[in-house]
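Letter by letter, the chains look like this.
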Amino acid sequence: MPLHHYRPPPNHGGITSTQQQQVTHQPPAMDVLSQSRRQLADYTNSLHRDGFLDDQFSQLQQLQDESSPDFVMEVVSLFFEDCQKLVTNMARALSELQAVDFKQVDSSVHQLKGSSSSVGAARIKNLCVAFKTCCDSQNRDGCMRCLQEVNRECVLLKNKLQTLFRLEQQIISAGGSIPM
Amino acid sequence: MESCNCIEPQLPPDELLSKYQYISDFFIALAYFSIPLELIYFVKKSAVFPYRWVLVQFGAFIVLCGATHLINLWTFTIHSRTVAIVMTTAKILTAVVSCATALMLVHIIPDLLSVKTRELFLKNKAAELDREMGLIRTQEETGRHVRMLTHEIRSTLDRHTILKTTLVELGRTLSLEECALWMPTRTGLELQLAYTLRQQNPVGYTVPIHLPVINQVFSSNRAVKISPNSPVARLRPLAGKYPGEVVAVRVPLLHLSNFQINDWPELSTKRYALMVLMLPSDSARQWHTYELELVEVVADQVAVALSHAAILEESMRARDLLMEQNVALDLARREAETAIRARNDFLAVMNHEMRTPMHAIIALSSLLQETELTPEQRLMVETILKSSNLLATLINDVLDLSRLEDGSLQLDLGSFNLHSAFREVINLIRPIASVKKLVVTLHLAPDLPEYATGDEKRLMQTLLNVVGNAVKFSKEGSISITAFVAKAESLRDPRAPDFFPVPSDNHFFLRVQVKDTGSGINPQDYPKLFTKFAQSQSLATKNSAGSGLGLAICKRYHMLVIRFVNLMDGHIWLESEGLGKGCTAIFMVKLGVTECCTESKLPPATNASMNHAQTAFPGLKVMVMDDNGVSRMVTKGLLVHLGCDVTTVSSGDECLRLISQDHHVVFIDVCMYDGYEVALRVHEKLTKRHERPLTVALTANSDKATKDHCRRVGMNGVVLKPVSVDKMRTVLSDLLEHRNLV
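As named in an unreviewed UniProt entry, chain B is Ethylene receptor, taken from Linum tenue. Turning to chain B, the UniProt record has this under Subcellular location (unreviewed entry): "Endoplasmic reticulum membrane".

You'll find chain A entered in an unreviewed UniProt entry as Histidine-containing phosphotransfer protein, with Linum tenue given as the organism. Taken verbatim from the UniProt record of chain A, the Function (unreviewed entry) comment is "Functions as a two-component phosphorelay mediators between cytokinin sensor histidine kinases and response regulators (B-type ARRs). Plays an important role in propagating cytokinin signal transduction."

Okay, here's the thing in structure tokens:
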């Protein structure tokens with residue numbers, strides 16, 4: 001179908017940004033919904049842009065359907081539980097006054113990396129890669145720093161995702177459905 | 001006195017005289033008796049004496065004569081009558097025999113004389129034969145010498161040796177004082193002393209070639225006696241007072257070209273060498289004919305031997321040259337192969353590098369398409385998808401130029417909506433055109449069928465390219481595209497004399513004209529536009545952005561376009577009224593007429609197997625082994641989404657406990673410490689190949705080592721974590737179709 005909307009104004013070439021936004025006229029009641037939708041879309045885009053999430057997360061969102069409506073939330077919760085456990089383990093191992101059991105730390109990092117990549121937590125996954133390097137070089141201080149960062153990222157991501165879920169709830173309560 | 005019977009002699013003469021007579025008779029008798037004896041003796045001794053009868057006769061004659069004379073002895077004194085009778089008898093006998101002998105001798109003597117003549121004759125003959133024998137023997141000697149010489153000469157193919165041997169052997173055979181060979185110089189104007197017998201290093205003497213003596217020798221093929229004072233013969237200081245006789249003979253220097261197949265070489269060759277032979281001085285020897293003949297024969301042989309040597313030299317040189325060339329060619333071939341391999345590697349890598357982001361774009365856009373979108377968004381996404389598909393195809397095609405050049409490119413036939421294809425291309429081009437303030441118009445003839453069979457993508461590519469070029473080379477004005485069905489008369493174009501389109505019932509020729517108002521083309525540049533490497537000097541080149549590279553790439557596309565058009569049994573050409581008057585690109589392609597209106601949507605350029613992929617796998621029993629809870633959950637969710645019946649396990653023992661033949665697929669996380677072992681155990685436990693579940697490795701590592709390991713333990717496939725929905729779909733359908741991940 002030709003894009004009839006894009007009518008170039010006379011004596012003027014080019015497509016200006018103002019003409020890009022063609023608002024479709026919808027009944028007013030839908031405004032809230034569409035607004036929420038747009039908000040959600042923007043937020044999700046920003047999360048992707050900032051690297052918090054990658055396409056694996058989108059895959060997960062795809063898997064959510066009528067048979068498993070809370071799939072994503074479940075996975076994410078499990079992930080954060082796991083994350084917490086692993087972080088605690090690693091903290092304990094790294095704060096050993098005597099010899100640090102780097103092997104254990106390494107296996108925990110490996111687990112965390114696997115989990116974060118399954119969930120699509122891009123930043124955490126990348127941190128794990130750096131963490132692993134420190135582990136391999138048995139650098140206690142480096143590991144400590146990485147661990148702190150991982151912790152911080154986890155918390156950050158948790159908050160972000162909570163916001164995301166809140167937005168989704170808004171849509172659902174407004175009568176829409178996700179995935180859109 | 002009584003009359004006695006004794007015969008009284010006559011009055012005795014003197015006593016002395018009688019005595020002498022008496023003695024003489026005695027001796028005569030003796031002689032006469034001894035002659036036959038001698039005769040007999042000697043005849044007996046000799047082997048051959050044909051006249052024995054004569055001998056007997058003669059002997060008898062002589063004996064009787066002797067007897068007569070003997071008896072005569074008794075008649076000197078008084079002798080009795082008996083003696084007289086005996087005497088008489090003897091005398092009578094003698095008379096008879098002598099007469100007989102005399103008569104016989106008449107016959108005999110001429111015979112004897114003729115014997116003598118014959119003897120003489122035979123002696124002469126013998127002398128003559130001897131002479132001739134001598135001659136033959138010398139000739140044979142000569143022949144032997146020649147053979148030996150020839151053998152010596154021919155036993156080597158080295159030019160130098162040949163000539164040296166010739167001189168040495170000739171010198172030996174003929175006992176020469178000096179023997180020399182003069183060769184013509186490169187210029188052919190002089191003869192240079194090349195070899196001599198006695199002197200070790202011949203001084204590089206030269207004599208001009210046109211001396212009369214030399215001409216004389218060259219003009220005849222015989223050995224010619226020349227004066228010892230001629231320049232060619234003055235080779236060494238005179239050893240003696242009288243220089244020996246000198247003979248010179250020409251040696252033809254034959255070239256390969258002189259030899260015809262069945263012909264003796266033409267001696268029209270101009271090049272001769274000169275052989276000069278000198279007899280020893282003060283020897284009073286003379287050149288004999290046979291010696292001259294020997295020299296001539298030798299000269300011929302030398303000529304042949306030399307030519308053989310020359311031929312051999314040439315062929316050796318040719319062979320060396322060929323070998324060198326071979327080596328060079330080999331090197332060049334290897335370099336070319338390396339270059340081709342490098343190019344292919346580069347293409348492959350670039351292919352991959354360029355395809356990956358393309359696939360990402362296409363995949364994400366298609367995913368996006370499946371989500372809920374506003375109509376504008378949907379349109380945008382569709383446009384993105386279509387453009388990306390086109391671009392992907394273009395990348396595929398451009399980067400597979402080698403395939404293109406092989407001619408192994410094939411059309412992807414299918415029915416499609418012709419009108420919408422055009423409109424899509426226009427839509428793609430319009431934004432660019434409007435930036436340049438160009439107006440793009442499309443006019444589709446009313447009799448243009450809506451649907452057609454052909455390669456939609458390639459047609460669109462061609463169109464896009466041609467229209468794109470029109471836009472590129474026009475700074476202002478308008479681009480008008482017209483498409484119609486070519487009629488019979490318009491099928492033949494005077495500008496394309498080798499284009500013979502034959503329309504048929506099932507096919508029609510689509511004719512598209514793209515007219516622009518750009519800078520036009522110089523008519524002289526027509527042929528160059530569609531050739532690969534020609535550089536057009538027209539304004540178009542100078543003014544378009546990125547001129548050099550742009551034109552080169554443009555040419556490249558032209559090649560693609562030409563190939564596509566050719567593949568579609570068509571033709572493409574340009575018309576222009578001149579510089580600044582714009583130009584029209586016209587192409588015609590053959591399309592199939594299609595009755596049905598079913599439209600096949602543009603398939604995505606990625607995973608063709610996606611078309612065949614099932615969207616759900618109901619009832620597929622899958623087991624997932626992963627020790628990471630989150631991964632497990634995600635993978636399970638994925639498989640459940642695809643409709644599978646999933647069992648999850650978190651340890652190897654659990655897996656082996658629960659695995660059974662009912663399971664169709666087992667996903668094993670091989671990053672687990674016992675991942676591979678579990679795979680092996682599964683294979684051991686369920687040995688029947690067609691009943692046991694397919695094992696697939698899930699791993700975050702896609703390196704070769706992992707893949708090899710998986711293959712070694714007999715796993716049916718490797719999948720990279722994290723897996724997308726589409727990927728899992730593909731994996732499952734591939735597994736089910738092929739029982740292996742291809």
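> Just give me the short version of the overall build of chain A, but keep the residues and values in it.
Tallying secondary structure elements over chain A gives seven helices and zero strands in all. Counting helices and strands in the order they occur from the N terminus, chain A gives α-α-α-α-α-α-α. Counting contacts in chain A only where the partners sit at least 6 residues apart, residues at least 24 apart contribute 66% of the total. In the form shown here, chain A has an accessible surface area of approximately 10600 Å², with 52% of it arising from carbon and sulfur atoms.

> I'd like a rundown of the UniProt feature "transmembrane region" (unreviewed entry) in chain B, residues and numbers included.
Residue and element names in this part refer to chain B. In this numbering, the UniProt entry assigns the feature "transmembrane region" (unreviewed entry) to residues 20-41, 53-71 and 83-109. Secondary structure across residues 53-71 comprises 100% helix and 0% strand; the distance between its end C-alpha atoms is 26 Å. Between the C-alpha atoms that bound residues 83-109 there is a distance of 36 Å. The span itself is 100% helix and 0% strand.

> Residues and numbers for the interface of chain A and chain B, please.
Interface size is commonly expressed as the accessible area that is lost once the parts come together. The partner chain B presents 26 residues to the 29 residues of chain A that form the contact. Carbon and sulfur atoms make up 62% of the area that chain A and chain B hide from each other, which totals about 2600 Å². Between chain A and chain B we count one salt bridge in total. The shortest N-O distance in the salt bridge between A:Arg37 and B:Glu372 comes to 3.3 Å. Across the contact surface, chain A and chain B share six residue pairs in polar contact (both at pLDDT 80 or more). Put simply, the parts of the chain that give the side of chain A that touches chain B at least two residues each are helix 3 (55-63), helix 4 (71-94) and helix 5 (102-119) of chain A. Per-class residue counts for the side of chain A that touches chain B are 12 nonpolar, 13 polar and four charged.

> Any details on the sheet that holds strand 16 (residues 665-669) of chain B? Residues and values, ideally.
Whenever strands of a sheet pair, they do so through backbone hydrogen bonds, lying parallel or antiparallel. Residues and elements named next belong to chain B. One open sheet holds the five strands; their spatial order is 15-14-16-17-18, and the pairing between them is parallel. Both edges of this open sheet fall to strand 15 (645-649) and strand 18 (717-720), since each of them pairs with a single strand only. This sheet shows a mean twist of 25° between the axes of neighbouring strands, independent of strand direction. For strand 16 and strand 17 (residues 694-699), the ladder comprises five bridges, and the chain directions are parallel. Paired with Val666 across the strands is Thr695, a residue of strand 17. Together, strand 14 (621-625), strand 16 and strand 17 form the strand contacts of helix 18 (residues 675-685), whose direction differs from that of strand 16 by roughly 155°.

Cut-offs applied
- Residues numbered from 1 in each chain as written.
- Chains lettered and ligands numbered in written order.
- Predicted model: local features only at pLDDT ≥ 70, side-chain atom pairs only at ≥ 80, totals over all residues.
- Heavy atoms only, no water.
- UniProt positions renumbered as here; feature names shortened; annotations may be inferred.
- Helix = DSSP H or I, 4+ residues; strand = E, 2+ residues; numbered from the N terminus.
- Contact = heavy atoms within 4.5 Å.
- Areas by Shrake-Rupley, 256 points an atom, 1.4 Å probe, with all protein chains shown as cover.
- Buried area = accessible area lost by both parts, 1.4 Å probe.
- Salt bridge = Lys/Arg side-chain N within 4 Å of Asp/Glu carboxyl O.
- Polar contact = N/O pair within 3.5 Å; in protein donor to acceptor, adjacent residues only side chain to side chain.
- Nonpolar A, V, L, I, M, F, W, Y, C, P; charged D, E, K, R; others polar.
- Pairing = 2+ DSSP bridges.
- Axes fitted to C-alpha atoms, helices over the stretch in contact; angles between N-to-C directions.

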